[in-house]
Amino acid sequence: MSSVRMTRLIRAEAWVAQTLLNAFLRMGPARASNVAGRFCRFVGPLLPVSKTAHKNLQLAMPELDAAERARIVRGVWENLGRTVGEFPHLSRLQENTPSGPGFEVQGAEYLEEQARRGGAVLFASGHIGNWEMLPPGSARHGTPFASFYRAAGNPLIDAIIRALRDSAMAPTPMPLFAKGSRGAREALAYVSKGGRLGMLVDQKMNDGVEATFFGRPAMTASALAAIALRSRCPVIPGYVERLGPARLRIVVEPPMTLPDTGDKQQDMLTLVQMINDRLECWVRRKPESWLWLHRRWPKELYK
């Protein structure tokens, strides 16, 4: 494809994305959540990637029958659509509203204690509920944190996404570290200087370490565990529970007890497994809230 055609395509994709976001903004948070959720609930299960979700459910929860798996997959797509529809509204969502759009924080005392204590902290979570609400929700309790970030392929769309995230974190936008070895080094340096860092650690990482997830071997990112053990900083687990259209609950759990046996490699494996166990517990509570669309287990299991 010529550079001129490529430029036109990039601009066209960005125009579509911006037009869609503008439409969501005009709708308001609840209606945008409903419209995007219903659309994705209908279209998503028809896409080839849904076969991966069905296979993942068979591997992780073999007790489910076909009808239950289909229900969960529809819910996965609905949650993803709602997350997209709510994204441009995150900066406007208010805490502890009596009804309608808004959010609440369960376990806010752990965030406030960390704010008083100061120093480095790591937040461990996954693609559950509307995970985009974690950074701005935590920031409103005195603990804004930096994040790892995978840039969108289209640079104009990437700029739109970054602007929305900065808006949600205003007035204190936080660093975004690119995924990869360079980003990992930068994140480690940031934490070593007392910075706060959040990580979504539920996807397959081929260059990670082997742990178990839903009782099966799963290559798992080890960066969070390695940073935590090296810095001896708290690891606070948490996730987002969807209560309704643009109505969310951030669940913050107590800081994890870091292993300290003197065997650095074993301590890292132990902490990685501890985090996977928390993720599995959250997903089992409401399977349709997790993003089952990625191949999480060894590739031979998908043949």
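Residues numbered from 1 in each chain as written. Predicted model: local features only at pLDDT ≥ 70, side-chain atom pairs only at ≥ 80, totals over all residues. Heavy atoms only, no water.

Q: Describe the overall build of the protein, naming the residues involved and giving the relevant values.
A: Counting secondary structure elements, the protein contains 10 helices and nine strands. By the compact-globule yardstick of 19 Å for 303 residues, the protein fits well, its C-alpha radius of gyration being 19 Å. Along the three orthogonal principal directions, the C-alpha set of the protein runs to about 55 × 50 × 50 Å. Relative to its full complement of 303 residues, the protein shows a buried share of 49%. A sequence separation of at least 24 residues applies to 75% of the contacts in the protein between residues at least 6 apart. Across the protein, the 41 positively charged side chains and the 27 negatively charged ones have centroids separated by 8 Å. (Helix = DSSP H or I, 4+ residues; strand = E, 2+ residues; numbered from the N terminus. Rg over C-alpha atoms; globule rule 2.2 N^0.38 Å. Buried < 20%, exposed > 50% of the residue type's maximum accessible area, 1.4 Å probe, protein only. Contact = heavy atoms within 4.5 Å. Lys, Arg positive; Asp, Glu negative; His and termini not counted. Charge placed at Lys NZ, Arg CZ, Asp CG, Glu CD.)

Q: Could you give an account of unusual backbone geometry, naming the residues involved and the relevant values?
A: Of note, the phi angle at Asn-96 is positive, near 60 degrees, even though the residue is not glycine. With respect to the element layout, Asn-96 can be found in the loop between helix 4 (66-86) and strand 1 (102-106). Positive phi outside glycine occurs at Phe-214, with the angle close to 55 degrees. Structurally, Phe-214 can be placed in the loop between strand 6 (204-213) and strand 7 (216-220).

Q: Which residues make up helix 2 (residues 29-43), and what values do they have?
A: In this model, helix 2 (15 residues) spans 21 Å end to end at C-alpha, consistent with the 21 Å of a helix rising 1.5 Å per residue. Of all the positions in helix 2, only Ala-32, Ser-33, Asn-34, Ala-36, Gly-37 and Cys-40 are classed as buried. Contacts from the buried residues of helix 2 go to helix 1 (3-27), helix 4 and strand 8 (235-244). (Expected span 1.5 Å × (residues − 1).)

Q: Any details on the pairing of strand 7? Residues and values, ideally.
A: Direction of pairing for strand 6 relative to strand 7: antiparallel, over a ladder of six bridges. Of the residues in strand 7, the one forming a bridge with Val-209 is Thr-220. Taking the residues that link successive antiparallel strands as the turn, the strand 6-strand 7 hairpin has two residues, and the phi of Phe-214 there is positive, at about 55 degrees. (Pairing = 2+ DSSP bridges.)

Q: How would you summarise the layout of surface pockets if you had to cite specific residues and measurements?
A: The space that makes up the second largest pocket amounts to roughly 180 Å³. Every residue along the wall of the second largest pocket is listed here: Ala-226, Leu-229, Arg-230, Arg-232, Pro-259, Asp-260, Gly-262, Lys-264, Gln-265, Asp-267 and Met-268. Listing elements by their share of the lining of the second largest pocket, those giving two or more residues are helix 9 (223-231) and helix 10 (264-285). Element by element, the count of residues in the lining of the second largest pocket is highest for helix 10, at four residues. When grouped by side-chain class, the residues that make up the lining of the second largest pocket number four nonpolar, two polar and five charged. (1 Å grid on protein atoms, 1.4 Å probe; cavity = no way out; pocket = protein on both sides within 12 Å on 5 of 7 lines; lining within 4 Å. Points joined across faces, edges and corners; volume = space filled by probe spheres on them. Nonpolar A, V, L, I, M, F, W, Y, C, P; charged D, E, K, R; others polar.)

Q: How would you explain the pattern of salt bridges if you had to name every residue and give the values?
A: Following the criterion strictly, the structure yields 11 salt bridges and no others. Among the salt bridges present, the one from Arg-182 reaches Glu-186, with a minimum N-O distance of 3.2 Å. Taken together, the positions of Arg-182 and Glu-186, both in helix 8 (residues 181-192) and four residues apart, correspond to about one turn of that helix. Look at the salt bridges and you will find they share partners, linking Arg-41, Glu-78 and Arg-82 into a network. (Salt bridge = Lys/Arg side-chain N within 4 Å of Asp/Glu carboxyl O.)

Q: Would you mind going over the packing of helix 1 against helix 7 (residues 155-169) in detail, with residue names and values included?
A: Where helix 1 contacts helix 7, the two axes come as close as 8 Å, and the packing angle between them is 30 degrees. As judged from the angle between their axes, helix 1 and helix 7 are roughly parallel. Facing helix 1, whose interface residues are Ile-10, Arg-11, Glu-13, Ala-14, Ala-17, Gln-18 and Leu-21, helix 7 presents Pro-155, Leu-156, Ile-157, Ile-160 and Leu-164. Here the residues of the contact of helix 1 with helix 7 sort into nine nonpolar, one polar and two charged. (Axes fitted to C-alpha atoms, helices over the stretch in contact; angles between N-to-C directions. Parallel < 35°, antiparallel > 145°, perpendicular 65-115°, else oblique.)

Q: Can you explain helix 10? Please cite residues and give values.
A: Helix length check: helix 10 (22 residues) gives 32 Å between terminal C-alpha atoms against 32 Å at 1.5 Å per residue, within 8%. If you check which residues of helix 10 are buried, you get Asp-267, Met-268, Leu-271, Val-272, Gln-273, Ile-275, Asn-276, Leu-279, Glu-280, Trp-282 and Val-283. Next to the buried residues of helix 10 lie strand 2 (121-125), strand 6, strand 7, helix 9 and strand 8. Its side-chain oxygen at 3.3 Å from the backbone nitrogen of Gln-265, Asp-263 defines the N-terminal cap of helix 10. (Polar contact = N/O pair within 3.5 Å; in protein donor to acceptor, adjacent residues only side chain to side chain.)

Q: Tell me what's going on with the sheet that holds strand 9 (residues 247-252), and back it up with residues and numbers.
A: Spatial ordering of the open sheet is given by 1-9-8-2-5-3-4, a layout of seven strands whose pairing is mixed. The open sheet has two edge strands, strand 1 and strand 4 (176-178), and neither has a second partner. Strand-to-strand, the axes of this sheet are offset by a mean angle of 25 degrees, without reference to chain direction. In this sheet, strand 8 lies alongside strand 2 in parallel orientation, the contact comprising three bridges. When the sheet's bridge partners are listed, Ala-124 is paired in strand 8 with Pro-237.

From the geometry alone we can't say anything about function, so treat these as descriptive.
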